[in-house]
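Spelled out from the first residue to the last, the chains are:
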Amino acid sequence: MIDLIVFLVAAAICLVGAVGVVVARNPVHSALMLVMTLFGIAVHFVAQEAHFLAAVQVIVYAGAIVVMFLFVIMLLGVDVHTKLDLGGLKGQRVAAAAFGVVGLGVLVFLMTRVEDGITSQPAGTPIDPNTPDINQLAHSLFDQYVFAFELTSVLLIIAVIGAVILSRKPRPELEESQGGES
Amino acid sequence: MFAQLTQFESPPVDFFSLTPLFILVGGAVVIMLVTSLSPRPIPGWFSTAVSVAASAGAAVVAMVLWNDVRESGPYSTVSDAIGIDGFSLFFTVLVSLGVIATALVGDAYVRREHIAAPEFHALLLTAATGAIVMASANDLVVMFIGLESLSIGLYILAAMQFRRPHGREAAMKYFVLGAFSSAFLLYGIALVYGTTGSTSLIVIRERTSSLGAMVSPSELLIVGIALLLVGFAFKVAAAPFHFWAPDVYEGSGSPVSGFMASVAKAAAFAGLLRVVVVALGANEGDWAVPLAVLSAISIIVGAVMAITQNDVKRMLAFSSVGHAGYILVGVQAATAEGMSSALFYLFAYTFMVIGSFAVVSVIGWDNGHPIERYEGLAKRRPWLAGAFTVFLLAQAGVPMTAGFVAKFLVIKSAVAEEIYWLAILAMVASVITAFMYLRIVMAMWARDADVDDAPRLAVAPATAFVVAAAVAITLVYGIIPDSLIEFTRDAVPALVAGN
């Protein structure tokens, strides 16, 4: 019973935060709403006995990443009310609402079909109560998922290159050095 | 109360089989390091040379591995995350050749458009790494990160041409819709993981084939498969998930559009084949009909929409949607023959489309590519017009070209499975699309255009080489396709565990 209450409260926090990110007029408010969603997810992790993940979620996401968002928003001076109503397609909202309702219906239907949990593992119990979750995390990260883990570094290289390109102003002298032709 | 220290053994890694990936990422790092650390400006050709050399090296190592696999069988490495089999090596070779061609065409392009050459080539190499990982992944998590490496690289490549008015729109559209489609794929992965209890394709195949429809609850798996199909359909630009393709192909630089239509499409098809057709092969009843419907819609949309366009790049974009439909004809047959026909089609199409976009890149223009600009091209540049004619006729499926053999093989695989309606539809639609291709050919050859005041077209030697090589491949595999057919027959994905 207590599990259900915790789940419902945390889920509500996540959803309110997620909706807030989208509807807030001020980018700073959007970023703060994102913190709320990430906190809700951290609560879910605690309820699943993944305490380390919950701590990482709060420290890294809510602490570091969103603070970075706020820095960027404030440094760029876009912390004003931005009007994002670009008109859009005719009937866009109606179609979006219809798709949303259908999607929700599918999810609810699926939930009724899941009788005794998707896996044999009951919710809210640690996978292996004798091993600390940091060790378990390390084992899956450096054994089964080690390739994915290392591959993420390639993804980061791409992200760095992309950030440099997109934020760089055009440099005329660079073009000369490449032997630019007209 | 200290936690018990457990002995940890890292999984065995067969480094040689990962060498193609190392070479490609290494090439990108070398380009970035040398150009940023060098005290003097590095000429633009350096990046091109490293990019071509790295891709060529990757292709050569893949051929060596290919021989190993033929002798001693396929295997997996790094905790079964990466599978080395004919399928993954086929795509390693294909992607590497695609990068070589794009890098050579891009050499003149980055100079003309004043785009930073090191970043362009580094992104090509890292995106190619993602594409190869997608084709080799034995794990859904690895597949997803490969897909993101490819996609994020492509978003940036599309955004590099931000000075042109369409460039920004294209990049933004591609980014938003691409991220949206990745979310579909991720949700599908989550549901498949939920029902099968593993992200490993090897385990997923074992469990779905032993339990069949007994996977509980089976509805969850079906919805998971459906979401995976939507995600992959977005990436291969199959209708009705193709809306990004025309705008993005039009707004991106021509070499980048060629790269998207060839390498990105091939990688997405590789992912689709590996995850849906092979790992979830036991659930064929759930995905074969949806794939056939996607295929039919793509073929129709590709044919009908292409003939209404007046911009050559948009025509090629819609024709690319149609080609995705033809490849899906082979995929939905879900037989060994269907799979090898899809691989043949991808190989042939890669060179046709890179060649086409290379020609489009030479014609180059700031605001769109109206067909009027191609009028009288045969008088000004007969060889270029001749090459473009070959590519267009090959895409239309004219005999003696690789395009004909490819279309023939996919339709044959559908007929062998007695899916006659799709085979007939594919044949009728190929006649309709032929009209569109012939319109461009007619514009180039037949009309009397005033060519005297037209700007002189400079064809860089590297671009000329790519166009000539693509023409040669298109014609050679159109006349003697046997060796390539044999190559695709051996390129079967094998989901095996262990070394």
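Colleague: Whenever I open this one, the overall build of chain B confuses me. Can you help?
Modeller: The number of helices and strands found in chain B is 19 helices and 2 strands. The C-alpha radius of gyration of chain B comes to 22 Å, within 12% of the 23 Å expected for a compact globule of 499 residues. Here the C-alpha coordinates of chain B stretch approximately 85 × 65 × 45 Å along the principal axes. Counting over 499 residues, chain B shows a buried share of 63%.

Colleague: Just to check I follow, could you spell out the interface of chain B and chain A for this structure?
Modeller: When the parts of a complex come together, some accessible area is lost, and that lost area is often used as the size of the interface. Every contact between the two is made by 48 residues of chain B and, on the other side, 37 residues of chain A. There are 0 salt bridges connecting chain B and chain A. Our count for the chain B to chain A interface comes out at 2 residue pairs in polar contact (both at pLDDT 80 or more). Per element, the largest residue contribution to the side of chain B that touches chain A is 10 residues, and it comes from helix H5 (residues 140–159) of chain B. Of the residues in the side of chain B that touches chain A, the class split is 30 nonpolar, 12 polar and 6 charged.

Colleague: Before we go on, may I ask you to explain empty space enclosed by the protein in this structure?
Modeller: Empty space left among the atoms is revealed by rolling a probe the size of a water molecule over them. Residue and element names in this part refer to chain B. Enumeration over the complete set of coordinates arrives at 9 cavities of 30 Å³ or more. Of the volumes computed, that of the largest cavity is approximately 140 Å³. If you trace the largest cavity, you find 15 residues lining it, with Ser151, Tyr174, Phe234, Lys235 and Trp244 closest to the centre. Every element with two or more residues in the lining of the largest cavity is listed here: H5, helix H6 (165–196), helix H8 (218–236) and helix H10 (254–279). At 5 residues, H5 tops the list of elements feeding residues into the lining of the largest cavity. Considered class by class, the residues forming the lining of the largest cavity number 11 nonpolar, 3 polar and 1 charged. One number sums up the size of the second largest cavity: a volume of about 80 Å³. Counting residues per element, the lining of the second largest cavity draws most heavily on helix H3 (residues 86–113), which supplies 3 residues. The residue makeup of the lining of the second largest cavity, split by class, is 8 nonpolar, 4 polar and no charged.

Colleague: Quick question: what am I supposed to make of the side chain of Ser413 of chain B here?
Modeller: Mapping Ser413 of chain B onto the fold places it in helix H16 (residues 402–416). Beyond its immediate stretch of four places on either side in the chain, Ser413 of chain B contacts Val329, Gly330, Ala333, Glu337, Gly338 and Ser341 of chain B.

Colleague: What's the story with helix H12 (residues 312–333) of chain B in this structure? I'm lost.
Modeller: In an α-helix, one full turn covers 3.6 residues, which means residues spaced three or four apart are oriented alike. Residue and element names in this part refer to chain B. Here H12 is 22 residues long and its end C-alpha atoms lie 32 Å apart, about the 32 Å a rise of 1.5 Å per residue gives. Among the 22 residues that make up H12, 22 are buried, leaving the element largely enclosed by the rest of the structure. Note on H12: the residue one or two positions beyond its end, Ala334, has a positive phi of about 55°.

Colleague: Would you take a moment to explain the confidence of the model for chain B for this structure?
Modeller: It should be kept in mind that the predicted coordinates are not to be read in detail where pLDDT is low. Taken residue by residue, chain B gives an average pLDDT of 88. The fraction at 70 or more is 94%. Interface confidence for the predicted complex, given as ipTM, is 0.86, next to a pTM of 0.91.

Colleague: It is not clear to me how the side chain of Ser182 of chain B should be interpreted in this structure. Could you clarify?
Modeller: Relative to the assigned elements, Ser182 of chain B resides in helix H6. Within polar-contact distance, the side chain of Ser182 of chain B engages the side chain of Glu148 of chain B at 2.9 Å.

Colleague: What is the right way to read the packing of aromatic side chains from this model?
Modeller: What characterises a pair of aromatic rings is the spacing of the ring centres plus the angle enclosed by the ring planes. All names here are of chain B. Within this structure, the stated rule accounts for 22 aromatic pairs over all chains. Both rings, one in Trp66 and one in Phe487, keep their centres 4.7 Å apart while their planes meet at 70°; by these two values the pair is edge-to-face. On the criterion of sequence distance, the pair formed by Trp66 in helix H2 (residues 44–72) and Phe487 in helix H19 (residues 482–490) is long-range, its members being 421 residues apart. Side by side, Trp66 and Phe487 carry an identical accessibility label, which is buried. Both rings, one in Trp244 and one in Tyr249, keep their centres 6.2 Å apart while their planes meet at 75°; by these two values the pair is edge-to-face. Tyr249 matches Trp244 in its accessibility class, with the two residues each being buried. An aromatic cluster is defined as three or more aromatic residues linked by ring pairs; in this entry it consists of Trp66, Phe87, Phe90, Phe91, Phe347, Phe351, Tyr477 and Phe487. Cation over ring: Lys407 sits above Tyr326, and NZ or CZ is 4.6 Å from the ring centre.

Cut-offs applied
Residues numbered from 1 in each chain as written. Chains lettered and ligands numbered in written order. Predicted model: local features only at pLDDT ≥ 70, side-chain atom pairs only at ≥ 80, totals over all residues. Heavy atoms only, no water. Helix = DSSP H or I, 4+ residues; strand = E, 2+ residues; numbered from the N terminus. Rg over C-alpha atoms; globule rule 2.2 N^0.38 Å. Buried < 20%, exposed > 50% of the residue type's maximum accessible area, 1.4 Å probe, protein only. Contact = heavy atoms within 4.5 Å. Salt bridge = Lys/Arg side-chain N within 4 Å of Asp/Glu carboxyl O. Polar contact = N/O pair within 3.5 Å; in protein donor to acceptor, adjacent residues only side chain to side chain. Nonpolar A, V, L, I, M, F, W, Y, C, P; charged D, E, K, R; others polar. 1 Å grid on protein atoms, 1.4 Å probe; cavity = no way out; pocket = protein on both sides within 12 Å on 5 of 7 lines; lining within 4 Å. Points joined across faces, edges and corners; volume = space filled by probe spheres on them. Expected span 1.5 Å × (residues − 1). pLDDT = per-residue confidence, 0-100. Phe/Tyr/Trp six-rings, centres within 6.5 Å; stacked < 30°, edge-to-face > 60°. Lys NZ or Arg CZ within 6 Å of the ring centre and 35° of its normal.

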